[in-house]
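# Coordinate inspection notes
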Amino acid sequence: MTQPLTFAVPKGRILDEALPVMAQAGIVPEAGFHDKKNRSLSFACEDPSIRLIRVRAFDVATFVAHGAAQAGIVGSDVIEEFDYADLYAPVDLGIGHCRLSIAEPKDAPATELRSASHLRVATKYPNLTRRWFEARGIQAECVKLNGAMELAPMLGLANRIVDLVSTGKTLKENGLVETAELLPVSARLIVNRAALKTDSARLGPLIDKFRALAAQPMPETVGAA
């Protein structure tokens with residue numbers, strides 16, 4: 001009997017936007033998936049040939065890159081951070097838009113990046129951060145944090161942070177200002193390259209479905225400015 005195709009989805013900000021797109025592509029999770037008290041990580045779908053796993057965003061890329069899941073959805077920030085050779089991202093889904101940016105205290109002394117040689121930066125994206133600063137001739141000492149990034153400058157752990165920014169409200173409430181954008185971010189469909197070769201009969205049509213959905217015009221928001 002053929003094993004179900006495993007599709008990985010991230011906990012957090014992208015999932016709410018991804019679920020309607022997944023449903024249009026035929027990936028509809030069982031009712032227990034929506035139960036906030038349910039601690040399960042693996043779920044059946046209405047289509048028995050697919051199962052869902054729900055993990056942290058960074059782990060989505062790892063599960064798919066190593067073939068434990070054949071496909072999934074994750075932000076382009078995660079794809080760029082890991083740069084896995086076995087990860088293929090064929091479709092920009094046009095959802096989950098935000099940006100990866102540098103921020104510092106609003107009252108910090110003005111320091112031109114081009115005149116700096118070394119900076120300490122708090123981030124959960126050390127690879128992207130180092131590459132961005134190295135391209136500008138700056139050595140970035142990255143302090144790895146998984147959350148509460150905004151506390152780092154306040155408590156003297158780092159003089160800058162690199163983190164995802166959507167509205168900028170969290171930065172403002174913590175006395176920080178955005179000073180540069182490293183990367184625009186959106187959600188992508190990802191697949192395992194080896195699985196695409198060995199299971200093209202299932203993955204090929206799935207990619208086509210998501211590609212067709214991504215090509216559709218976004219619905220207009222009533223009253224949008």
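Rules used throughout
- Residues numbered from 1 in each chain as written.
- Predicted model: local features only at pLDDT ≥ 70, side-chain atom pairs only at ≥ 80, totals over all residues.
- Heavy atoms only, no water.
- UniProt positions renumbered as here; feature names shortened; annotations may be inferred.
- Helix = DSSP H or I, 4+ residues; strand = E, 2+ residues; numbered from the N terminus.
- Buried < 20%, exposed > 50% of the residue type's maximum accessible area, 1.4 Å probe, protein only.
- Contact = heavy atoms within 4.5 Å.
- Areas by Shrake-Rupley, 256 points an atom, 1.4 Å probe, with all protein chains shown as cover.
- Lys, Arg positive; Asp, Glu negative; His and termini not counted.
- Charge placed at Lys NZ, Arg CZ, Asp CG, Glu CD.
- Salt bridge = Lys/Arg side-chain N within 4 Å of Asp/Glu carboxyl O.
- Pairing = 2+ DSSP bridges.
- Axes fitted to C-alpha atoms, helices over the stretch in contact; angles between N-to-C directions.
- Domains from an automatic or database assignment.
- Polar contact = N/O pair within 3.5 Å; in protein donor to acceptor, adjacent residues only side chain to side chain.
- Nonpolar A, V, L, I, M, F, W, Y, C, P; charged D, E, K, R; others polar.

Per an unreviewed UniProt entry, the protein carries the name ATP phosphoribosyltransferase and comes from Croceicoccus marinus. Within the UniProt record for the protein, the comment given under Subcellular location (unreviewed entry) is "Cytoplasm".

Further remarks concern the overall build of the protein. Scanning the protein from terminus to terminus reveals 8 helices and 11 strands. Considered along the principal axes of its C-alpha atoms, the protein spans approximately 65 × 45 × 35 Å. Of all 225 residues assigned to the protein, the portion counted as buried reaches 43%. The contacts of the protein with a sequence gap of at least 6 include a subset with a gap of at least 24, amounting to 68%. A total of about 12400 Å² of accessible surface is found on the protein, and carbon and sulfur atoms cover 52% of it. Here the protein holds 26 positive side-chain charges and 26 negative ones, and the gap between their average locations is 3 Å.

Quick look at the side chain of Asp-163 now. Note that Asp-163 resides in strand S9 (residues 160–165). Here Asp-163 occupies a buried position and makes no salt bridge, while the nearest side chain of opposite charge, Lys-124, is found at 5.2 Å. Those residues in contact with Asp-163 that sit more than four places away from it in its chain are Arg-99, Leu-100, Ser-101, Lys-124, Tyr-125, Met-149 and Glu-150.

With that out of the way, let us pick up the sheet that holds strand S10 (residues 176–185). As summarised here, the arrangement of the 5 strands in space is S8-S7-S9-S6-S10, forming an open sheet in which the pairing is mixed. Edge positions in the sheet fall to strand S8 (139–144) and S10, since each of these pairs with one other strand and no more. Sheet twist, expressed as the average angle between the axes of neighbouring strands with direction ignored, equals 30°. Here strand S6 (residues 98–105) pairs with S10 via 8 bridges, running antiparallel. Considered in S10, the bridge of Cys-98 is made with Val-185. Running over the sheet, helix H4 (residues 126–134) touches S6, strand S7 (118–123), S8, S9 and S10 and is turned about 165° from S8.

Let us look at the domain arrangement of the protein. Per the domain assignment, the segments of the protein are domain 1 (5–96 + 185–215) and domain 2 (98–184). Taken over C-alpha atoms, the centre of domain 1 sits 29 Å from the centre of domain 2. Opposite the 9 residues of domain 1 that make contact, domain 2 presents 12 residues. Linking domain 1 to domain 2 there are 6 residue pairs in polar contact (both at pLDDT 80 or more). The element contributing the most residues to the side of domain 1 that touches domain 2 is helix H3 (residues 76–82), with 4 residues. Considered class by class, the residues forming the side of domain 1 that touches domain 2 number 2 nonpolar, 3 polar and 4 charged.

With respect to topology, 6 strands assemble into an open sheet ordered S2-S3-S1-S4-S11-S5, the strand pairing being mixed. The sheet terminates laterally at strand S2 (42–44) and strand S5 (87–92), the two strands that pair on one side only. Ignoring strand direction, the axes of neighbouring strands in this sheet form an average angle of 30°. By the bridge criterion, 2 bridges tie strand S1 (residues 5–10) to strand S4 (residues 71–75) in an arrangement that is parallel. When the bridges of S4 are listed, Phe-7 appears paired with Ala-71.

In this section: the pattern of salt bridges. Going through the model one piece at a time under the given rule, you end up with 7 salt bridges. For the salt bridge of Glu-178 with Arg-99, the shortest nitrogen-to-oxygen distance reads 2.6 Å. Separated by 79 residues along the polypeptide, Glu-178 in strand S10 and Arg-99 in strand S6 bring together distant segments of the chain. Its relative accessible area of 22% is what places Arg-99 among the partly exposed residues. Taking the shortest distance from any N to any O, the salt bridge between Arg-202 and Asp-199 comes out at 2.8 Å.

Further remarks concern unusual backbone geometry. Of note in the backbone geometry, Asp-83 takes a positive phi value of approximately 50° without being a glycine. Within the element layout of this structure, Asp-83 appears in the loop between H3 and S5. On the basis of relative accessible area, Asp-83 is assigned to the exposed category, the value being 60%. The backbone of Ala-148 shows a phi angle near 50°, a positive value even though the residue is not glycine. Mapped onto the secondary structure, Ala-148 falls in the loop between S8 and helix H5 (151–154).

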